[in-house]
Amino acid sequence: MSNSEFGWQSLLHTDAPPACPLKAALFTTYDRADERLVAEHLLPLLLKLSREPDGEGTERQYFLLELDQRLKHLHDHLIVVSSTSREEPADAEEGESGTYGWIWRSIRHLTVGSKGKAVQHAKLWLLHWGAADAEGVEYLELVVSSANLTRAAFRGQLQAAWRVCVELQRR
């Protein structure tokens, strides 16, 4: 294995063809998913939104409307599984709690341990990408990383990841 196969890049990207729409996704994280990271960074990338979250005034409103519309279209096809409950108090630095709380109406958040305390530590993303053309080729992208779905994990921490995007074959 040569060193040319390894390199630095952002975890927040996709190897799926650009024209493929996201059909469904499953994310696992140990820590409670940070709604601001999900709404302002992860979802705009995966949903290929045309608006930017840091826009001012009307531009920001259009971003929020576009995000809401796309989330409604994917209602219950996006799932986040974590070890900690969403109702737990956020860290002091995450003072924006509640700003994007509405995203959880369309994203299913599941906590492990239905009959008692349990922990899952995996950080796995499964992304099902739809067909980009009339031939109907779909893709499954798998990402295994050390990053939780928190802003702290993407800012100032070194993370490792492995990813592959596999073309799905029709039976």
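Source: prediction; values computed, not measured.

Peer 1: So what exactly am I meant to see when it comes to the sheet that holds strand β6 (residues 161–168) here?
Peer 2: Strand pairing in a sheet takes place through backbone hydrogen bonds and is either antiparallel or parallel in direction. As summarised here, the arrangement of the six strands in space is β3-β2-β1-β4-β5-β6, forming an open sheet in which the pairing is mixed. In this open sheet, the two strands that pair with only one neighbour each are β3 (107–111) and β6. Taken pair by pair, the neighbouring strands of this sheet meet at an average axis angle of 10 degrees, ignoring direction. Summarising the sheet, strand β5 (residues 138–145) and β6 pair through eight bridges and their orientation is antiparallel. From the neighbouring strand, V144 faces β6, where its bridge partner is W162.

Peer 1: I would appreciate a short explanation of the confidence of the model for the chain in the present structure.
Peer 2: A low pLDDT means the predicted coordinates there should not be read in detail. With 87% of its residues at a pLDDT of 70 or more, the chain shows a mean pLDDT of 86. Mean pLDDT values for the elements of the chain range from 90 in helix α3 (residues 151–154) up to 97 in strand β4 (residues 124–129). Within the model, pLDDT remains below 50 along residues 88–96, and this stretch shows eleven contacts once partners closer than five positions in the same chain are excluded.

Peer 1: Would you mind going over the pattern of salt bridges with me for this structure?
Peer 2: Two side chains bearing opposite charge may form a pair once their charged atoms approach each other closely. Per the counting criterion, the structure on display carries six salt bridges. Measuring nitrogen to oxygen at the nearest pair gives 3.3 Å for the salt bridge that ties R36 to E40. One end of the pair is R36 and the other is E40, both in helix α1 (residues 35–46) and four residues apart, which spans about a single turn. When its relative accessible area of 15% is taken as the criterion, E40 is described as buried. The partner of R51 in a salt bridge is E59, and the shortest N-O contact between them spans 3.2 Å.

Peer 1: Can you walk me through the packing of aromatic side chains in this structure?
Peer 2: Scanning the entire structure with this criterion turns up one aromatic pair. Both rings, one in F27 and one in W125, keep their centres 5.5 Å apart while their planes meet at 75 degrees; by these two values the pair is edge-to-face. One end of the pair, F27, is in strand β1 (residues 22–29); the other, W125, is in strand β4, with 98 residues separating them in the sequence.

Peer 1: Whenever I open this one, unusual backbone geometry confuses me. Can you help?
Peer 2: Negative phi characterises most residues that are not glycine, and trans characterises most peptide bonds. In this structure, K48 takes a positive phi of about 55 degrees despite not being glycine. Examined against the element boundaries, K48 turns out to sit in the loop between α1 and α2 (58–73). By relative accessible area, which is 32% here, K48 ends up partly exposed. Located in the positive-phi region is D76, a residue other than glycine, with phi close to 65 degrees. Along the polypeptide, D76 turns up in the loop between α2 and β2 (78–82).

Peer 1: Is there a simple way to explain the environment of F63 in this structure?
Peer 2: Its location among the elements puts F63 in helix α2. Sequence-wise, F63 and E52 are eleven residues apart; in three dimensions their C-alpha atoms are separated by 6.1 Å. Beyond its immediate chain neighbours, meaning those up to four positions away, F63 contacts A39, P44, L49, R51, E52 and P53.

So, how was this worked out
Residues numbered from 1 in each chain as written. Predicted model: local features only at pLDDT ≥ 70, side-chain atom pairs only at ≥ 80, totals over all residues. Heavy atoms only, no water. Pairing = 2+ DSSP bridges. Helix = DSSP H or I, 4+ residues; strand = E, 2+ residues; numbered from the N terminus. Axes fitted to C-alpha atoms, helices over the stretch in contact; angles between N-to-C directions. pLDDT = per-residue confidence, 0-100. Contact = heavy atoms within 4.5 Å. Salt bridge = Lys/Arg side-chain N within 4 Å of Asp/Glu carboxyl O. Buried < 20%, exposed > 50% of the residue type's maximum accessible area, 1.4 Å probe, protein only. Phe/Tyr/Trp six-rings, centres within 6.5 Å; stacked < 30°, edge-to-face > 60°.

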